[in-house]
Amino acid sequence: MIVEVDARSGFCFGVVKAIETAERLLADAHELYCIGDIVHNGQEVDRLRQLGMSVVDTDSLPQLAGKHVLIRAHGEPPSTYALAQTHGVMLTDATCPVVLRLQQRVKHAWEHIRNQGGTVIIYGKKGHAEVIGIVGQTQGEAVVVEQPADLHGIALNAPLELFSQTTMEPQQYQQLANVLRTMLPPDAQLTVHDTICRQVANRRSELAQFAAMHDVLIFVGGRKSSNAKTLFTTCQQTNSRSHFVASPSDLQPNWFANAQRVGVCGATSTPQWLMEAVAKRVHEL
Ligand code: SF4
């Protein structure tokens, strides 16, 4: 049996940048607080915890005066920066440049249409950290939609600006935009912004090719990662013998019956070392 690790899977540049920033700060201070998990991968969070990083939420900021606190790649709403400043927290901002650009575009669009009664619509997961950061650019006024049914109730006779969370599935975003277009009155003003991250969009077709080349596919990802769930769906659509694991211990020997080529791949939040550990365990089984 041949076991191959997908060389194109693994951390995206936004996550790499955030982790490198954390490692640099930990090397200097041996103590760092991160707002939320730095990446949706429990093993990587544990590795950084052992180096001195603690995960906190924004409610803890008032107790962290004088401490180093990291903003992860997902970004934060303006209220977090204000709270940190009020309480003397030393913030380091590792928001991914792609997310930062999206936040700026949403803020600009909202400022432009707010006085005309317009609506900023965000296609994304309600409660997701990146979405909270984006909605914060509109003082909480943007409407988050997860599916076409959520579009009902939006005032369609005023300007509309549609954006997507960076990790959403491109085709589904297009479908949602098309449904919205069919709902509009003739003189409606809708602008659809292309804000899906190219690292994610390209990863889908690359993964589909990798999945098609193997008898069995093992997808390694964090159970809380929206990117992992989306990419795993792509693998399943291409290869019905695709399995999702969070760690080597999730592997089941019966998955590999009569398999000659096994592929190991992962999400943009999956560390390379974890995919290697899973591949090693497949060999052992
Ligand atoms: S998936 Fe794209 S937008 Fe999100 S952190 Fe990675 S590079 Fe940035």
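In terms of helices and strands, the protein carries nine helices and 12 strands. Taking the principal axes of its C-alpha atoms as reference, the protein extends roughly 65 × 50 × 25 Å. The buried share of the protein, reckoned over its 285 residues, is 52%. Contacts in the protein between residues at least 24 apart in sequence constitute 71% of all its contacts with a sequence separation of at least 6.

Now for the pattern of salt bridges. A full pass over the atoms with the stated rule returns 13 salt bridges. When the shortest N-O distance is used, the salt bridge between D150 and K126 registers 3.7 Å. You can see D150 sitting in the loop between strand 7 (143-145) and strand 8 (160-164) and its partner K126 sitting in the loop between strand 6 (119-123) and helix 5 (129-135), a full 24 residues away along the chain. Under the relative-accessibility criterion, K126 is labelled partly exposed at 48%. For R204, the salt bridge identified is with E169, shortest N-O distance 3.0 Å. Within this pair, whereas R204 is found in helix 7 (residues 198-212), its partner E169 is found in the loop between strand 8 and helix 6 (170-183), the two being separated by 35 residues in sequence. The pair formed by R204 and E169 is uniform in burial state, with each residue classed as buried. Each of E23, E44 and R47 takes part in a single network of salt bridges with overlapping partners.

Here we take up unusual backbone geometry. For H30, which is not glycine, the phi dihedral falls at a positive 60°. Considering the arrangement of structural elements, one finds H30 in the loop between helix 1 (13-29) and strand 2 (32-35). Residue H30 is classed as exposed on the basis of its relative accessible area, which comes to 57%. With phi around 50°, Q139 is a residue other than glycine that occupies positive phi space. In this structure, Q139 sits in the loop between helix 5 and strand 7.

Taken together, the four strands give an open sheet; going across it, the order is 1-12-10-11, and neighbouring strands pair in parallel fashion. Looking at the sheet topology across the chains shown, the edges are occupied by strand 1 (2-5) and strand 11 (242-245). Averaged over all pairs of adjacent strands, the angle between their axes in this sheet comes to 20°, without regard to strand direction. In the sheet, strand 10 (residues 216-220) pairs with strand 12 (residues 261-266) via five bridges, with the strands oriented parallel.

The next subject is the site of the ligand. Lining the immediate environment of the ligand, one finds C12, F13, G14, A73, C96, V98, V99, T166, C197 and V200. Within the residue set of the shell around the ligand, elements represented by two or more residues are helix 1 and helix 4 (97-113).

On to the sheet that holds strand 6. Taken in spatial order, the four strands line up as 7-6-8-9 in an open sheet, and their pairing is parallel. The sheet is open, and its two borders are formed by strand 7 and strand 9 (190-192), each paired with just one other strand. For this sheet, the mean inter-axis angle between neighbouring strands, taken without regard to orientation, is 20°. The pairing of strand 8 with strand 9 spans three bridges and is classified as parallel. Residue L162 lies in a different strand from strand 9, and its bridge partner there is V192. Against the sheet, helix 4 touches strand 6 and strand 8, its axis set at about 170° to strand 8. With respect to the sheet, helix 6 is in contact with strand 6, strand 7, strand 8 and strand 9, its orientation differing from that of strand 8 by roughly 165°.

So, how was this worked out
Residues numbered from 1 in each chain as written. Predicted model: local features only at pLDDT ≥ 70, side-chain atom pairs only at ≥ 80, totals over all residues. Heavy atoms only, no water. Helix = DSSP H or I, 4+ residues; strand = E, 2+ residues; numbered from the N terminus. Buried < 20%, exposed > 50% of the residue type's maximum accessible area, 1.4 Å probe, protein only. Contact = heavy atoms within 4.5 Å. Salt bridge = Lys/Arg side-chain N within 4 Å of Asp/Glu carboxyl O. Pairing = 2+ DSSP bridges. Axes fitted to C-alpha atoms, helices over the stretch in contact; angles between N-to-C directions. Near = heavy atom within 4 Å.

So, to be careful, I would describe these as geometric facts and stop short of saying anything about function.
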